[in-house]
Amino acid sequence: MALLAEYRCKATPARRVVEVYDADADLSDDEAMAAARRQVVAGNGYHLYIRSLQPDIDVEVAIRVWDTPPGPPADAEGHVPVSIESETGILVVNQLEYGPAGETTLPRPGVYEGYAWWEGRQATADYYESSLGHPTDDTFEDHLTQAWKNCPVTERYVLDLAYTRDPEPIVDDEDL
């Protein structure tokens, strides 16, 4: 099993969600987002929604493309199988309130399958809650900003994917 490409970026999980999607897939999916509340990472084929337990501390999102996806590490906090179709060959990591955090070019357009796994999710949420315990005075906002920038744990989500097939052909409405 060989690693073909790797991309990492930091993203703020505004409304506790970060999404990964094909550059041309701009419609959101409420059902997939609701499923992410239950299983942490969920998608509809073109979008993957990543659900954090906190909305303000940056998380790391890693997209790794393998010739064959490895299984999730034994010490991962959790994992789920995932699939994403990219007609453009470009995946965008998006912050719901702030816009794109970054994008990566896949080795080729197509359907990629594998696993999403995560670590540091609960520890970051615990740290987040404890940082809110500061008295609300003139320094409260500065305290939070510093606390969130200096989180001792990295909340990380990794998408380990492998190309499985070409994308579905685009159906033009005019041809119907």
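The structure we're discussing is the one just above.
Residues numbered from 1 in each chain as written. Predicted model: local features only at pLDDT ≥ 70, side-chain atom pairs only at ≥ 80, totals over all residues. Heavy atoms only, no water.

1. A short note on the layout of surface pockets
- Of the pockets and cavities examined, the largest pocket occupies roughly 240 Å³.
- Lining the largest pocket are Lys10, Asp56, Ile57, Asp58, Thr145, Trp148, Lys149, Cys151, Pro152, Val153 and Thr154.
- With 3 residues, the single largest contributor to the lining of the largest pocket is helix H3 (residues 140-149).
- Counted by class, the lining of the largest pocket contains 5 nonpolar, 2 polar and 4 charged residues. (1 Å grid on protein atoms, 1.4 Å probe; cavity = no way out; pocket = protein on both sides within 12 Å on 5 of 7 lines; lining within 4 Å. Points joined across faces, edges and corners; volume = space filled by probe spheres on them. Helix = DSSP H or I, 4+ residues; strand = E, 2+ residues; numbered from the N terminus. Nonpolar A, V, L, I, M, F, W, Y, C, P; charged D, E, K, R; others polar.)

2. A closer look at the sheet that holds strand S3 (residues 41-43)
- One open sheet accounts for 5 strands, arranged S3-S4-S2-S7-S8; its pairing is antiparallel. Here the strands that pair on one side only, and so sit at the sheet edges, are S3 and strand S8 (99-105). The mean angle between the axes of side-by-side strands here comes to 20°, regardless of whether they run parallel or antiparallel.
- Seen against the sheet, helix H1 (residues 30-39) touches strand S2 (17-22), S3 and strand S4 (47-51) and runs at an angle of roughly 155° to S3. (Pairing = 2+ DSSP bridges. Axes fitted to C-alpha atoms, helices over the stretch in contact; angles between N-to-C directions. Contact = heavy atoms within 4.5 Å.)

3. Some details on H1
- Taken together, the buried positions of H1 are Ala32, Met33, Ala35 and Ala36. One face of H1 carries all of its buried residues, which in axial projection span an arc of 155°. Away from the buried face of H1 by more than 90 degrees, exposed residues Asp30, Glu31, Arg37 and Arg38 are located.
- The secondary structure elements touched by the buried residues of H1 are S2, S3 and S4.
- Here H1 starts with a cap whose side-chain oxygen sits 2.9 Å from the backbone nitrogen of Glu31, and that cap is Asp29.
- Val40, located one to two residues past H1, shows a positive phi value of around 75°. (Buried < 20%, exposed > 50% of the residue type's maximum accessible area, 1.4 Å probe, protein only. Arc of directions from axis to C-beta. Polar contact = N/O pair within 3.5 Å; in protein donor to acceptor, adjacent residues only side chain to side chain.)

4. Points about the nonpolar core
- By size, the foremost hydrophobic cluster in this structure holds 25 residues, and its most contacted members are Val20, Val41, Ile63 and Val93.
- Within the residue set of this core, elements represented by two or more residues are strand S1 (3-11), S2, S4, strand S5 (59-66), strand S6 (78-86), strand S7 (90-95), strand S9 (110-119) and strand S10 (156-165).
- When residues no more than four places from it in sequence are discounted, the contact partners of Val41 are Ala36, Tyr49, Ile50, Val80, Val82, Ala116 and Trp118. (Core = buried A, V, L, I, M, F, W, Y, C linked by side-chain atoms within 4.5 Å.)

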